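# Examining the three-dimensional arrangement
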Amino acid sequence: MSILEQVKNKFSQLEVNEKNPKRIYINADNETAKAVVLYLFHDLKVRLSTITGLDSRPGVEILYHLAVDGEAKVITVRTLVKKPELEIASVTPEIPAAEWVEREIAEMLGVKFIGHPNLATLLLPDDWPAGVYPLRKQTFESKQELKEIEN
Amino acid sequence: MAKETMIPIGPYHPLLEEPEFFKFYVEGEKIVDAEVRVGYNHRGVEKISEGKTFDQATFVVERICGICSTSHPFAYVRAVEDISGIVLPERAEYIRTIIGDLERIHSHLLWVGLAGHFIGYNTVFMWAWKYREPVLDMFEVISGNRNHYNMFKVGGVRRDIKETDVPGLLKAIDDVERFCGMLLKAVIDDPVIKARLKNVGVLKKEDAIAMGVVGPVARASGIPIDVRKDHPYAAYDRVNFERIVMEGGDVFNKAAIRLLECIESTKIIRQCLKQMPPGPIDAAVREVGVGEGIGQHEAPRGECIHYVRSNGSNYPERHKIRAPSFMNVPSFKLTVIGESIADAALITAAVDPCYCCTERMAIVDRESDKVLLTGEEMVRLSQAKTEKLKQKCLY
């Protein structure tokens, strides 16, 4: 049984989109997404390649890219972290490989990973202003506001 | 009781992809704790890329890394092609494979040379770099540049490999293959190198899986992953080559894997040059389309993965880049603790992250911030250890 079939059996309510045989996208809510990722990583021994954070209007999309090396597939589990709370359970306690990339998403997009052992800045300088997230598709009300943030 | 001292290593050299700053806490000679700090060279390429057209972003990502400058464009163009399933002309696939593996050879030889220098085998350093040189010359012949080749574009490659260049290319890879075979024999049989590198900086298999390491680091720890084999792309499924996997997880295995991979790469290039059909090298893509795509490439240091989302405009809406060292660097903590300072330089370098940073290494007293040992002295310390072993092994 293929990895995808096993996931479908375990989680019956998933919205699965097979874009092509090599790229599979699964949409789920925050809790299910984490459960699917943990199931793939721990039970099916799939490698967590990386996590992408993507800013959109209703929230930040988190995409867990898992490389199924035995089947030449990449399974992407997609979930939306809603604004303005932007809180999602971290997978780092269960998957150490996610530590750095979750830190990166936290500082770049302002997502709070609940349960992450160390959310200190990874790539940004230590004196980076709090509340400014470089990868947000943020608009500024006025030039004044932009100046304030820049200072 | 031995006083605990902090040794900072770093912060960085702007030459390489992943500058980093290590803090090693030592008791006497033994490392008891380690911290890694990165980001000194963060340039915000993901954000810059969002402001460039799909074609321009290829050049931007090429500038992420100077050593493996093709890995990022390779992964990026594959991600863009994945959005709407663009199919490439066959010749372009072969040329991409040749460029990808020529790069692997020069990147691995660079590492082997520097590893030789660190352990006091300067002959290895001179030889490895001598044979790396013709590879760079071949790049110049093919693309006009020794390092940033600018060969990739969405839908194909930018330059063809001329028939007249093939004999020179074949000769260069023959020389490299011979040299790697010779070096491999010398390295594997040398009792000093064995004593110096075996069981140093071991990364256990279960740790390697948990940390998600990729490339030669993973393969040295017994994890058989290789994007070229597992997710066949370009012309990698049309050529024969071995997947090199070892069990030990120490520096010796990592060195041997890189040498063996150079030999496999020469085989790949030779087969590609032979099988390459004539024809167009560009699919002439007019539009990228709406959607998202993922592109992977087995860079010299491991899997490089890009995610691109397009909203139908000329610019990527989001471009996520994950370099292999991003997964490999965090594994340091598991490999250096318990080892001696003389080995620290070697172990941090075994992952092939950024060599230059180790040259800025200094041992500083925690209280007074006084420099106790400079980077040069660290290298000398490492070389002295080899010297001592040499005496023990040979006489």
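Small disclaimer: the values here were computed from a predicted structure and weren't measured. (Residues numbered from 1 in each chain as written. Chains lettered and ligands numbered in written order. Predicted model: local features only at pLDDT ≥ 70, side-chain atom pairs only at ≥ 80, totals over all residues.)

## Let's talk about the pairing of strand β6 (residues 290-299) of chain B
Residue and element names in this part refer to chain B.
- In terms of burial, β6 is largely enclosed, as 8 of its 10 residues are buried.
- With 10 bridges connecting them, β6 and strand β7 (residues 302-311) associate as antiparallel partners. Residue pairing across strands places E292 opposite R309, the latter belonging to β7. (Buried ≥ 20, exposed ≤ 12 C-beta atoms within 10 Å, placed from the backbone. Helix = DSSP H or I, 4+ residues; strand = E, 2+ residues; numbered from the N terminus. Pairing = 2+ DSSP bridges.)

## Section: helix α6 (residues 166-189) of chain B
Residue and element names in this part refer to chain B.
- Given a rise of 1.5 Å per residue, 24 residues ought to cover 34 Å, and the 35 Å separating the end C-alpha atoms of α6 matches this to within 8%.
- When α6 is considered as a whole, its buried residues turn out to be L169, A172, I173, V176, E177, F179, C180, L183 and V187.
- Buried residues along α6 sit against α4 (90-118), α5 (122-143), α7 (191-197) and α11 (251-275). (Expected span 1.5 Å × (residues − 1). Contact = placed C-beta atoms within 7 Å.)

## Quick word on the interface of chain B and chain A
- Taken residue by residue, the interface counts 26 residues in chain B and 22 residues in chain A.
- Tallying contributions element by element places β7(B) first for the side of chain B that touches chain A, with 4 residues.

## Here we look at the packing of α4(B) against α11(B)
Residue and element names in this part refer to chain B.
- Interaxial distance between α4 and α11 falls to 9 Å at its minimum, and their mutual angle equals 155 degrees. Here α11 runs roughly antiparallel to α4, going by the angle between their axes. Between α4 and α11 lies a crossing of left-handed hand. In this structure, α4 contributes Y94, T97, I98, D101, L102, R104, I105, H108, L109, W111, V112 and A115 to the contact, and α11 contributes A255, R258, L259, E261, C262, S265, T266, I268, I269, C272, L273 and Q275. (Axes fitted to C-alpha atoms, helices over the stretch in contact; angles between N-to-C directions. Parallel < 35°, antiparallel > 145°, perpendicular 65-115°, else oblique. Left-handed = near helix turned anticlockwise from the far one by under 90°.)

## Description of the sheet that holds strand β5 (residues 73-82) of chain A
Residues and elements named next belong to chain A.
- Spatially, 5 strands are ordered β1-β2-β5-β4-β3 in an open sheet, and the strand pairing comes out mixed. Sheet topology places β1 (15-20) and β3 (47-55) at the edges, where each strand pairs with a single neighbour. Geometrically, the sheet is characterised by an average inter-axis angle of 20 degrees between neighbouring strands, direction not taken into account.
- In the sheet, strand β2 (residues 23-27) pairs with β5 via 5 bridges, with the strands oriented parallel. Bridged to I24 within β5 is I75.

## Concerning the domain arrangement of chain B
Residues and elements named next belong to chain B.
- Segmentation of chain B into domains returns domain 1 (4-40 + 327-394) and domain 2 (87-284).
- Looking at which element gives the most residues to the side of domain 1 that touches domain 2, the answer is helix α16 (residues 375-394), with 8 residues.
- The class makeup of the residues in the side of domain 1 that touches domain 2 is 14 nonpolar, 6 polar and 5 charged. (Domains from an automatic or database assignment. Nonpolar A, V, L, I, M, F, W, Y, C, P; charged D, E, K, R; others polar.)

## Overview of the confidence of the model for chain B
All names here are of chain B.
- Scored by pLDDT, chain B comes out at a mean of 83, with 87% of its residues at no less than 70.
- Across residues 12-17, where pLDDT falls below 50, the model places 26 contacts with residues more than four positions away in sequence or in other chains.
- Overall, residues 354-368 carries pLDDT values under 50, and its contacts beyond four positions in sequence, including any with other chains, amount to 52 contacts.
- Across the assembled chains, the prediction reports ipTM 0.91 with pTM 0.88. (pLDDT = per-residue confidence, 0-100.)

## Some thoughts on the pairing of β3(A)
Residue and element names in this part refer to chain A.
- Burial within β3 is extensive, with 8 of its 9 residues counted as buried.
- Taken together, the 8 bridges between β3 and strand β4 (residues 59-68) define a ladder with antiparallel strand orientation. Following the sheet pairing, L54 is matched in β4 by E61.
- Between β3 and β4, which pair antiparallel and follow one another directly, the connecting turn spans 3 residues.

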